[in-house]
Amino acid sequence: MTEKPTRDELVARLVRAGELEVSGEDLAEAAAYFDTEGFRFHGPDGFESDFAGLSAYFASVREAFDDRSIRRGVVVAEGDHLACQTWIEGTFVREFTQSPVGPLPPNGERVVFDLINIFRFDRRGRLVEEWVRMDNRHLLRQLGAGESCADNHPGSAVPSS
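Residues numbered from 1 in each chain as written. Predicted model: local features only at pLDDT ≥ 70, side-chain atom pairs only at ≥ 80, totals over all residues. Heavy atoms only, no water.

Asker: Quick rundown of the overall build of the chain? Include the residues and the values.
Answerer: A count of helices and strands for the chain gives 5 helices and 6 strands. Per-residue burial for the chain yields a buried fraction of 47% across its 161 residues. Within the chain, contacts between residues separated by at least 24 positions form 60% of all contacts whose residues are at least 6 apart in sequence. Only carbon and sulfur atoms are counted for the fraction: they give 49% of the accessible area of the chain, which is about 7700 Å². (Helix = DSSP H or I, 4+ residues; strand = E, 2+ residues; numbered from the N terminus. Buried < 20%, exposed > 50% of the residue type's maximum accessible area, 1.4 Å probe, protein only. Contact = heavy atoms within 4.5 Å. Areas by Shrake-Rupley, 256 points an atom, 1.4 Å probe, with all protein chains shown as cover.)

See the structure below:
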């Protein structure tokens, strides 16, 4: 992009980047939506990552969950920042290696990751920073981690795009 992207262009890029990360359809195209060298992820409980860490997380989601989908809720834009609610869903059929409490065995249930995201874009329309908040206790219950595990790790991190 030669000119600064419009709000609608940023929203379209955000939606497409999420679709590609969740589906795994074209990871090279997905990477094109990010500043892969400078990207920073800020998650719950002080969790920090870079683009490689985010990519590894989504690889673990693709491995553990079948019939995945992603939806974005109302998007609020202010300058180079977009905020939205995101729902990532899938059927938990294989071990999830990057749950907030470490590897968990599958339970066959439909799981919904309910996220609040804030994204920052650079002048070229690439994602350079993301902040995520979510209810990890609710996620852990869906994953079958049990009440005691959820209570002992209420602020553990799970990244998203």
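From this point, things continue past the structure.
Asker: Outline the nonpolar core, listing residues and values.
Answerer: In terms of nonpolar packing, the biggest core is built from 38 residues, with Phe34, Phe65, Phe92, Phe96, Phe113, Leu127 and Leu143 touching the most fellow members. Elements with a contribution of two residues or more to this core: helix H1 (7–23), helix H3 (51–64), strand E3 (65–78), strand E4 (81–92), strand E5 (110–121), strand E6 (127–134) and helix H4 (136–142). The residues contacting Leu143, other than those within four sequence positions of it, are Phe65, Phe92, Phe96, Ser99, Pro100, Leu104, Pro105, Asn107 and Val111. (Core = buried A, V, L, I, M, F, W, Y, C linked by side-chain atoms within 4.5 Å.)

Asker: Tell me about the pattern of salt bridges, and name the residues and values.
Answerer: Per the stated rule, a full pass over the model turns up 11 salt bridges. Among the salt bridges present, the one from Glu63 reaches Arg94, with a minimum N-O distance of 3.4 Å. Of this pair, Glu63 sits in helix H3 while Arg94 is found in the loop between E4 and E5, placing the two residues 31 residues apart along the sequence. A residue is classified by how much of its surface remains accessible, and Glu63, at 46% relative accessible area, is partly exposed. Residue classification places Arg94 among the partly exposed residues on the basis of a relative accessible area of 30%. Among the charged side chains, a salt-bridge network with shared partners connects Arg16, Glu19, Glu25 and Glu29. (Salt bridge = Lys/Arg side-chain N within 4 Å of Asp/Glu carboxyl O.)

Asker: For the packing of aromatic side chains, give the residues involved together with the corresponding values.
Answerer: Centre distance and the angle of the planes are the two values used to describe a pair of aromatic rings. Using the criterion set out here, one finds 10 aromatic pairs in the structure. Taking 5.6 Å as the distance between ring centres and 80° as the angle between the ring planes, the aromatic pair formed by Tyr57 and Phe58 counts as edge-to-face. Side by side, Tyr57 and Phe58 carry an identical accessibility label, which is buried. Between the aromatic rings of Phe65 and Phe96, the centroid separation amounts to 5.2 Å while the plane-to-plane angle is 75°, which identifies the pairing as edge-to-face. Of this pair, Phe65 sits in strand E3 while Phe96 sits in the loop between E4 and E5, and the two are 31 residues apart along the sequence. For the pair formed by Phe65 and Phe96, the shared burial category is buried. (Phe/Tyr/Trp six-rings, centres within 6.5 Å; stacked < 30°, edge-to-face > 60°.)

Asker: Help me get a handle on H1, residues and values and all.
Answerer: Spanning 17 residues, H1 covers 24 Å between terminal C-alpha atoms, matching the ideal 24 Å at 1.5 Å per step. Within the sequence span of H1, burial applies to Leu10, Val11, Arg13, Leu14, Ala17, Gly18, Leu20, Glu21 and Val22. The secondary structure elements touched by the buried residues of H1 are helix H2 (27–32), H3, E3, E4, E5 and E6. In the stretch just after H1, Gly24 is the one whose phi turns positive, near 75°. (Expected span 1.5 Å × (residues − 1).)

Asker: How would you summarise the sheet that holds E4 if you had to cite specific residues and measurements?
Answerer: Spatially, the 6 strands line up as an open sheet ordered E2-E1-E6-E5-E4-E3, and their pairing is mixed. Each having just a single partner strand, strand E2 (48–49) and E3 make up the two edges of the open sheet. The pairing of E3 with E4 spans 10 bridges and is classified as antiparallel. Following the sheet pairing, Asp66 is matched in E4 by Thr91. Along the sheet, H3 makes contact with strand E1 (40–42), E2, E3, E4, E5 and E6, crossing E3 at roughly 135°. (Pairing = 2+ DSSP bridges. Axes fitted to C-alpha atoms, helices over the stretch in contact; angles between N-to-C directions.)

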